[in-house]
Amino acid sequence: MALADRPLVPEEWVQRIDAVLGRLPRCEQEAAWTGTRWRVGGATIAHVFGGEDQLFRITFRGEPDEVAAFEHLGDPYFRSGWGGNAIGMLLDEDTDWQELAELLTDSYCIQAPARLAEKVERPGQSASQ
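What counts, and where the lines are drawn
Residues numbered from 1 in each chain as written. Predicted model: local features only at pLDDT ≥ 70, side-chain atom pairs only at ≥ 80, totals over all residues. Heavy atoms only, no water. Salt bridge = Lys/Arg side-chain N within 4 Å of Asp/Glu carboxyl O. Buried < 20%, exposed > 50% of the residue type's maximum accessible area, 1.4 Å probe, protein only. Helix = DSSP H or I, 4+ residues; strand = E, 2+ residues; numbered from the N terminus. Contact = heavy atoms within 4.5 Å. Axes fitted to C-alpha atoms, helices over the stretch in contact; angles between N-to-C directions. Parallel < 35°, antiparallel > 145°, perpendicular 65-115°, else oblique. Left-handed = near helix turned anticlockwise from the far one by under 90°. Nonpolar A, V, L, I, M, F, W, Y, C, P; charged D, E, K, R; others polar. Core = buried A, V, L, I, M, F, W, Y, C linked by side-chain atoms within 4.5 Å.

### What about the pattern of salt bridges?
For side chains of opposite charge, pairing can occur when their charged atoms come near one another.
1) Next: Tallying each qualifying case throughout the model produces 4 salt bridges.
2) Next: The salt bridge partner of Arg39 is Glu30, with a shortest N-O separation of 3.7 Å.
3) Next: Given a relative accessible area of 18%, Arg39 falls into the buried group.
4) Next: On the basis of relative accessibility, which here comes to 29%, the residue Glu30 falls in the partly exposed class.
5) Next: A salt bridge links Asp53 to Arg57, with the shortest nitrogen-to-oxygen separation between them at 2.6 Å.
6) Next: A relative accessible area of 41% means that Asp53 is categorised as partly exposed.
7) Next: Salt bridges sharing partners connect three or more residues here, namely Glu30, Arg37 and Arg39.

### Describing the side chain of Thr44
1) Next: Along the chain, Thr44 falls in strand 3 (residues 43-50).
2) Next: Not counting residues up to four positions away in its chain, the partners in contact with Thr44 are Arg37, Trp38, Arg39, Arg61 and Gln111.

### Remarks on the packing of helix 1 (residues 11-21) against helix 3 (residues 97-111)
1) Next: As a packed pair, helix 1 and helix 3 sit with axes 9 Å apart at the nearest point and diverge in direction by 45°. Here helix 1 is positioned oblique relative to helix 3, judged by the angle of their axes. The chirality of how helix 1 crosses helix 3 is right-handed. For the pair helix 1 and helix 3, the contacting residues are Trp13, Arg16, Ile17, Val20 and Leu21 in the first and Trp97, Ala101, Leu104 and Thr105 in the second.
2) Next: Its residues assigned to classes, the contact of helix 1 with helix 3 comprises 7 nonpolar, 1 polar and 1 charged.

### Remarks on the nonpolar core
1) Next: Formed by 33 residues in total, the largest nonpolar core has its most connected members in Leu21, Ile58, Phe60, Leu104 and Tyr108.
2) Next: When residues of this core are traced back to their parent elements, those giving at least two are helix 1, strand 2 (36-40), strand 3, strand 4 (56-61), helix 2 (64-73), strand 6 (86-91), helix 3 and helix 4 (114-117).
3) Next: Contacts of Phe60, omitting those with residues within four sequence positions, involve Ile45, Ala46, Asn85, Ala86, Ile87, Met89, Leu100, Leu103, Leu104 and Ser107.

Structural data, given as structure tokens:
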């Protein structure tokens, strides 16, 4: 069965995401079943892809309380059905790339082994603690 046509994620967007995740210890970019994903070991940190509805999405991991908060915020966020700690976000010309960079860094720290995560400075961490 053929997949419905999905748009390719703009290369500029993939590069912006990789600029954040590619600098983190042992984080690897790779082709996914659709789109591009970033992994540390066997754990997926983020997955960006075009949907059958022609919209672009990125999914990443968050703390349980963040998942609920983002779900209630609504657009551009949505709850991803790919696990209890997965958050989804629609990407478009209005995306706040700084906020996304912080969310992706947090996702890495959730998914990475502790010995790697502790090497990463999490944006806003000192302000919230």
